[in-house]
Amino acid sequence: MSNAPVGRVASCLGQACPLGPCDAAFGGCGDLYCGSLHPSFAYCTASTGSYCLVALSTDLDYWVINCTNGEPVFVYCTGGCGVAGDVASCNP
């Protein structure tokens, strides 16, 4: 597993999503997140906040991205992720 998400964005949940929230269950994310994620992708357009990102590479990969001072910290989630209020977290 890489230390950052790779593949296409399947869902982005939370107000800190860099290009806005989207969900594969409600029309997908292709209009907002064109192409695949790459190392120079701006994961944190907000200086602080967190969001749940679901990326499709070979499988669906679930990530919580925490933004602090505009810098992302990536947390890979083995059981999925979600958002409560404005806080994203990995599911148990």
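Look above for the structure.
Residues numbered from 1 in each chain as written. Predicted model: local features only at pLDDT ≥ 70, side-chain atom pairs only at ≥ 80, totals over all residues. Heavy atoms only, no water.

Draft legend 1. Broad picture of the side chain of Ser11. With respect to the helices and strands, Ser11 occurs in strand E1 (residues 7-13). A distance of 3.2 Å separates a polar atom in the side chain of Ser11 from a polar atom in the side chain of Asp23. Among residues more than four places away in sequence, those in contact with Ser11 are Cys22, Asp23, Ala24, Cys29, Cys52, Leu53 and Val54. (Helix = DSSP H or I, 4+ residues; strand = E, 2+ residues; numbered from the N terminus. Polar contact = N/O pair within 3.5 Å; in protein donor to acceptor, adjacent residues only side chain to side chain. Contact = heavy atoms within 4.5 Å.)

Draft legend 2. Layout of the environment of Val73. For Val73, the location among the structural elements is in strand E5 (residues 71-77). In this structure Val73 comes out as partly exposed when scored by relative accessible area, which is 46%. Val73 sits 55 residues away from Pro18 along the chain, and the two C-alpha atoms are 14 Å apart. Sequence-distant contacts of Val73, that is, excluding residues within four places in its chain, are made with Val64, Ile65 and Asn66. (Buried < 20%, exposed > 50% of the residue type's maximum accessible area, 1.4 Å probe, protein only.)

Draft legend 3. Quick look at the packing of aromatic side chains. Counted according to the given criterion, the structure contains 5 aromatic pairs. Measuring from ring centre to ring centre gives 4.9 Å for Tyr43 and Phe74, while their planes differ by 80°; the resulting arrangement is edge-to-face. Linking Tyr43 in the loop between strand E2 (36-37) and strand E3 (49-56) with Phe74 in strand E5, this pair joins segments that are 31 residues apart in sequence. An aromatic cluster is defined as three or more aromatic residues linked by ring pairs; in this entry it consists of Tyr33, Phe41, Tyr43, Trp63, Phe74 and Tyr76. (Phe/Tyr/Trp six-rings, centres within 6.5 Å; stacked < 30°, edge-to-face > 60°.)

Draft legend 4. Quick peek at the pairing of E3. With 6 of its 8 residues buried, E3 lies for the most part within the structure. Note: E1 against E3, 5 bridges, orientation antiparallel. By the bridge assignment, Cys12 is partnered in E3 with Leu53. Inspection of the sheet shows E3 paired to strand E4 (residues 60-68) by 8 bridges, in the antiparallel sense. Its bridge partner lying in E4, Leu56 is registered against Leu60. Connecting E3 to the antiparallel partner E4 that follows it, the hairpin turn spans 3 residues. (Pairing = 2+ DSSP bridges.)

Draft legend 5. The arrangement of the pairing of E4 in detail. Bridge analysis of E4 against E5 gives 7 bridges, and the strand direction is antiparallel. Directly across from Tyr62, in E5, lies its bridge partner Cys77. The hairpin turn running from E4 into E5, its antiparallel successor, is 2 residues long, and Asn69 in that turn takes a positive phi close to 55°.

Any functional reading would require information beyond the geometric quantities listed.
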